[in-house]
Amino acid sequence: MLKVQEIREIIKLIDDSSINEFTYETDGTKVSMKKSLNEKESSTIEQKPQPQKEEISTKENVDVEDETSVKVESTIKTNEPKDIDYDYEIQSPMVGTFYSSPDPESDVYVNVGDSVNNETVVCIVEAMKLFNEIEAETTGEIVEILVENGELVEYGQPLFRVKN
């Protein structure tokens, strides 16, 4: 079974290379990656999140009645940088749903103030019914948790901040 870090490295290698399609299979696990060759598609995908953020920033002085707009606006405001001292951000290695504990009845993996090391599991990100344990990959103390349980996360989105 491939670890999340190994999949990240493969993604970076494929992204930096001229390879357009890649498939790897071992022990019943198969990983397939394909680059989009159509620049219009990739530019459309990249531009979709940007207009939403611009709309929200222009609505700061306007009363917002749409409930979904208010939720998106508050999410963006909570993700603004704060004056918290940290050395490392643990980022999501994939798009998926963030879970802070192995199941709803269990305690969370980590809280603010907990010490972590390279192999400490800090959360789970569910992608396509696969539950991927995310390790800290650093040593230090959790100083901030940036997402809430059940929240959708993007690839590369900061999840935790760690002070070494």
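Since the structure is predicted, the reported quantities are computational estimates derived from the model, not experimental observations. Counting from 1, residues in each chain are numbered in the order their sequence is written. Predicted model: local features are reported for residues with pLDDT of at least 70 only, side-chain atom pairs are reported and counted for 80 or more only, and whole-chain, interface and lining totals are derived from all residues. The basis for the side-chain values is all heavy atoms of the structure; hydrogens and waters are excluded.

J.: Looking at this model, I keep getting lost on the packing of aromatic side chains. Mind explaining?
T.: Pairing of aromatic side chains here covers Phe, Tyr and the six-membered ring of Trp, requires ring centres within 6.5 Å, and sorts the geometry by plane angle: under 30 degrees stacked, over 60 edge-to-face, intermediate tilted. Counted under the stated rule, the structure contains two aromatic pairs. Here Tyr99 and Phe131 contribute two aromatic rings whose centre-to-centre distance is 6.3 Å and whose plane-to-plane angle is 40°, an arrangement assigned as tilted. Within this pair, whereas Tyr99 is found in strand β4 (residues 96-99), its partner Phe131 is found in strand β7 (residues 130-135), the two being separated by 32 residues in sequence. A run of H or I in DSSP counts as a helix once it spans at least four residues, and a run of E counts as a strand once it spans at least two, with each numbered from the N terminus.

J.: Help me out: how do you make sense of the environment of Gln91 in this one?
T.: The residue Gln91 is located in strand β3 (residues 88-91) in this model. Residues Gln91 and Arg161, spaced 70 residues apart in sequence, show a C-alpha to C-alpha distance of 9.0 Å. For Gln91, the contacting residues outside a window of four places in its chain are Arg8, Gly156, Gln157, Pro158 and Leu159. Contacts between residues were defined by any pair of non-hydrogen atoms, one from each residue, lying within 4.5 Å.

J.: Can you walk me through the pattern of salt bridges in this structure?
T.: Side chains bearing opposite charge may pair, as long as their charged atoms lie close to each other. Within this document, salt bridges are pairs made up of a side-chain nitrogen of Lys or Arg and a carboxyl oxygen of Asp or Glu, the two lying within 4 Å of each other. Considering all chains together, one arrives at four salt bridges under this definition. In this structure, the salt-bridge partner of Lys163 is Asp85, at a minimum N-O distance of 2.8 Å. Of this pair, Lys163 sits in strand β10 (residues 158-163) while Asp85 sits in the loop between α4 (67-78) and β3; the two residues are 78 residues apart in sequence, bridging distant segments of the chain. When accessible area is computed with a 1.4 Å probe and restricted to protein chains, residues below 20% of their type maximum are described as buried, those above 50% as exposed, and intermediate ones as partly exposed. Residue classification places Lys163 among the partly exposed residues on the basis of a relative accessible area of 29%. When salt bridges with common partners are traced through the structure, they connect Asp85, Asp87 and Lys163 into a single cluster.

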